[in-house]
Amino acid sequence: MKRFAFMMHALDTGDVALNYRMARYRADRLVEALLVRMGPRPISDITGVRSITGAETEGWFVGCMLTSRQFIELDERVAVRKIVETAQFAQEMGADIIGLGAFTAVVGNGGVDLAREVDIAVTTGNSYTVATAVEGSLKAAAMIEVDLAEATATILGASGSIGRVCAHLLRGHVGKLVLAARTREALEQVAAELGEGSADVEISTDIESAVRQADLIVAVTSSVDVIIEPEMLKPGAIVCDVSRPRDVSVRVAEKRDDVLVIEGGAVAPPGDVNFNFNFGFPPGLAYACMAETMILALEERIENYSLGKELELAKVREISELAIKHGFKLAGFRSFERAVDEQMIEQIKAKAGNRE
């Protein structure tokens, strides 16, 4: 049996306070200063992952002791050192491959720097994240009865590794594709890669404008702050928010009952899976990046997989096929920690008649 680990970190000091009482009574900056000095921590055992082929795996959640803000603000060499220490810790626990969660998958050239420093195999999980985000977005559009041939889809973070591949996968399904990010030059490169196709392609560095015109939005940025506010969305819009921290403001859930925001990459692994840790999903469900790490362990593909700034379309398609082989499935949709039910869908469909 090949074993895996998955690296996590606190989104903010509030997460730290859930596990360390001293953090409840200290200023955020003091807590973060203490985190820099702390070594990696075991979080929980992961058991019960059993493929429909009969293969089995098990693993661990391990903690890299930094917050999202620290990954953004610290010298990248400090963040990479912390990630390397955590991967080495996972290897000592017995893991053969490690997946990178949230900002641990962003710094250090998307896992490339880590892979050079450790003997353990590394993946960001981005290939399966892309596959499930696009699959989920298209399935949600069908449920809301969006006419994709006439629809505008916006990809926020289109110049990044996940966004670029999302663009390739979505282009054949929609009438217009808007590639949105902060840097025009990078967007122009993605647009050039797409070449001629069925959809009109537009690039935009005006994030608000790109959101306002969209019927379907895939949000895959690395922003530490929310980007999408309730006033920006048109009636009947669908947002697949893959980013952690979220790109979509929680105010959308409070103010807009005529749009659908789904959490990208929610997957049901095969077997009687127990994560022994609450990361915001119902029992037995995982993020797609976690699932990719499990799939590779089950397949005994102990190799570096989804690394760097450029994902490979071939790997996205391959990991999708391996997921089917082992029995991984896209889970029911969730929106701001709530299950999306038929009543919610019917309500959005009824109000989507105001879509412009």
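Residues numbered from 1 in each chain as written. Predicted model: local features only at pLDDT ≥ 70, side-chain atom pairs only at ≥ 80, totals over all residues. Heavy atoms only, no water.

Caption draft 1: Representation of helix 14 (residues 342-351). Those residues of helix 14 that fall on the buried side of the exposure criterion are Met344, Ile345 and Ile348. Take helix 14 and look down its axis: the buried residues cluster within an arc of 100 degrees, on one side only. Facing away from the buried side of helix 14 by over 90 degrees, the exposed positions are Glu342, Gln343 and Ala350. In this structure, the buried residues of helix 14 make contact with helix 7 (126-144), strand 11 (260-263) and strand 17 (338-339). (Buried < 20%, exposed > 50% of the residue type's maximum accessible area, 1.4 Å probe, protein only. Helix = DSSP H or I, 4+ residues; strand = E, 2+ residues; numbered from the N terminus. Arc of directions from axis to C-beta. Contact = heavy atoms within 4.5 Å.)

Caption draft 2: Focus on the sheet that holds strand 4 (residues 97-100). Reading across from one edge, 5-4-1-3-2-13 is the order of the six strands in this open sheet, with mixed pairing throughout. This sheet does not close on itself; its edge strands, each paired only once, are strand 5 (121-123) and strand 13 (271-274). Across this sheet, the average inter-strand angle for adjacent strands is 20 degrees, counted without regard to direction. Alignment of strand 1 (residues 4-10) against strand 3 (residues 56-67), held across six bridges, turns out to be parallel. Among the inter-strand pairings, Ala10 is bridged to a residue of strand 3, identified as Thr67. Its contacts with the sheet put helix 4 (residues 76-93) on strand 1, strand 2 (41-50), strand 3 and strand 4, and the angle it makes with strand 3 is roughly 150 degrees. (Pairing = 2+ DSSP bridges. Axes fitted to C-alpha atoms, helices over the stretch in contact; angles between N-to-C directions.)

Caption draft 3: Representation of the sheet that holds strand 12 (residues 266-268). With antiparallel pairing, three strands are arranged side by side in an open sheet as 14-12-15. Single-partner strands in this sheet number two, and they are strand 14 (286-287) and strand 15 (329-330). As defined by bridge partners, strand 12 adjoins strand 15 across two bridges and the pair is classed as antiparallel. Across the sheet, residue Ala268 finds its bridge partner in strand 15, namely Lys329.

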